[in-house]
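If you want the building blocks of each chain, they are given just below.
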Amino acid sequence: QVQLVESGGGLVQSGGSLRLSCAATATGRIISINTMGWYRQAPGKEREFVATITLSGSTKYVDSVKGRFTISRDVAKNTVSLQMNSLKPEDTAIYYCNAGQVTFASGTLWYTNDYWGQGTQVTVSS
């Protein structure tokens, strides 16, 4: 089984910065992770896409964070980070790490699946 562990959330004033990190671990051996990314869910709203980065380093962002957030990953360490600058109150949400098409080995068997972290709270005060 694969687990995603997030860190870095917290309370910050409007205009401030936070850096979120997520590490993928497995009871077996992770062979590859195709896409890693971040989603968020604000109170009373549905979960929305924030940013993703592929194995080759290609990135995508939701329009509302372009120019303020930067996603990066360390393929060898199976980690992904989200640097968030110029934060706004509307960025307040629970941020979830996502790993898509994770291939891992457990003994002689290989598995591929998608995984989510438990979420980390980001609160931006005005």
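Just above, that's the structure.
For clarity, every value in this text was computed on a predicted model and none was experimentally measured.

**What about the side chain of Thr-103?**
So, point 1. If you trace the backbone, Thr-103 turns up in strand E9 (residues 93-106).
So, point 2. Judged by relative accessible area, Thr-103 falls into the buried class, the value being 14%.
So, point 3. Excluding its chain neighbours within four sequence positions, the residues that come into contact with Thr-103 are Arg-29, Ile-30, Ile-31, Ser-32, Trp-110, Tyr-111 and Thr-112.

**Here we look at the sheet that holds strand E3 (residues 18-26)**
Whether parallel or antiparallel, the strands of a sheet pair through hydrogen bonds between backbone atoms.
So, point 1. On the basis of which strands lie adjacent, the open sheet formed by four strands has the order E1-E3-E8-E7 and antiparallel pairing. Of all strands in the sheet, those with a lone pairing partner are strand E1 (2-7) and strand E7 (69-74), marking the two edges. Neighbour-to-neighbour, the strand axes of this sheet turn through a mean angle of 15 degrees, independent of strand direction.
So, point 2. With six bridges joining them, E1 and E3 adopt antiparallel strand pairing. Considered in E3, the bridge of Glu-6 is made with Cys-22.

**Considerations on the packing of aromatic side chains**
So, point 1. Scanning all chains against the criterion turns up four aromatic pairs.
So, point 2. Ring geometry for Tyr-39 and Trp-116: centres 5.0 Å apart, planes at 70 degrees, overall edge-to-face. Taken together, the residues Tyr-39 in strand E4 (residues 29-41) and Trp-116 in strand E10 (residues 109-116) connect sequence positions 77 residues apart.
So, point 3. Looking at Trp-116, the relative accessible area reads 41%, which means it is partly exposed.
So, point 4. Ring centres of Phe-104 and Tyr-115 lie 6.4 Å apart, and the angle between their planes is 65 degrees; on these two criteria the pair is classed as edge-to-face. Of this pair, Phe-104 sits in strand E9 while Tyr-115 is found in strand E10, placing the two residues 11 residues apart along the sequence. Tyr-115 carries the same exposure label as Phe-104, and that label is buried.
So, point 5. An aromatic cluster is defined as three or more aromatic residues linked by ring pairs; in this entry it consists of Tyr-39, Phe-49 and Trp-116.
So, point 6. Just above the ring of Tyr-96 sits the side chain of Arg-47; from NZ or CZ to the centre is 3.7 Å.
So, point 7. A cation over a ring is seen here: Arg-47 above Trp-116, with NZ or CZ 4.6 Å from the ring centre.

**What to know about the state of the cysteines**
So, point 1. Under the defined criterion, the tally for this structure stands at one disulfide.
So, point 2. Note that Cys-22 is cross-linked by a disulfide to Cys-97, the S-S spacing being 2.1 Å. Between Cys-22 and Cys-97, the disulfide has an S-S torsion of -80 degrees and is therefore left-handed. Residue Cys-22 is located in strand E3, and its partner Cys-97 is located in strand E9; the two are separated by 75 residues in the primary sequence.
So, point 3. Here Cys-22 falls in the buried class, since its relative accessible area comes to 1%.
So, point 4. A residue is classified by how much of its surface remains accessible, and Cys-97, at 0% relative accessible area, is buried.

About the cut-offs
- Residues numbered from 1 in each chain as written.
- Predicted model: local features only at pLDDT ≥ 70, side-chain atom pairs only at ≥ 80, totals over all residues.
- Heavy atoms only, no water.
- Helix = DSSP H or I, 4+ residues; strand = E, 2+ residues; numbered from the N terminus.
- Buried < 20%, exposed > 50% of the residue type's maximum accessible area, 1.4 Å probe, protein only.
- Contact = heavy atoms within 4.5 Å.
- Pairing = 2+ DSSP bridges.
- Axes fitted to C-alpha atoms, helices over the stretch in contact; angles between N-to-C directions.
- Phe/Tyr/Trp six-rings, centres within 6.5 Å; stacked < 30°, edge-to-face > 60°.
- Lys NZ or Arg CZ within 6 Å of the ring centre and 35° of its normal.
- Disulfide = S-S within 2.5 Å.

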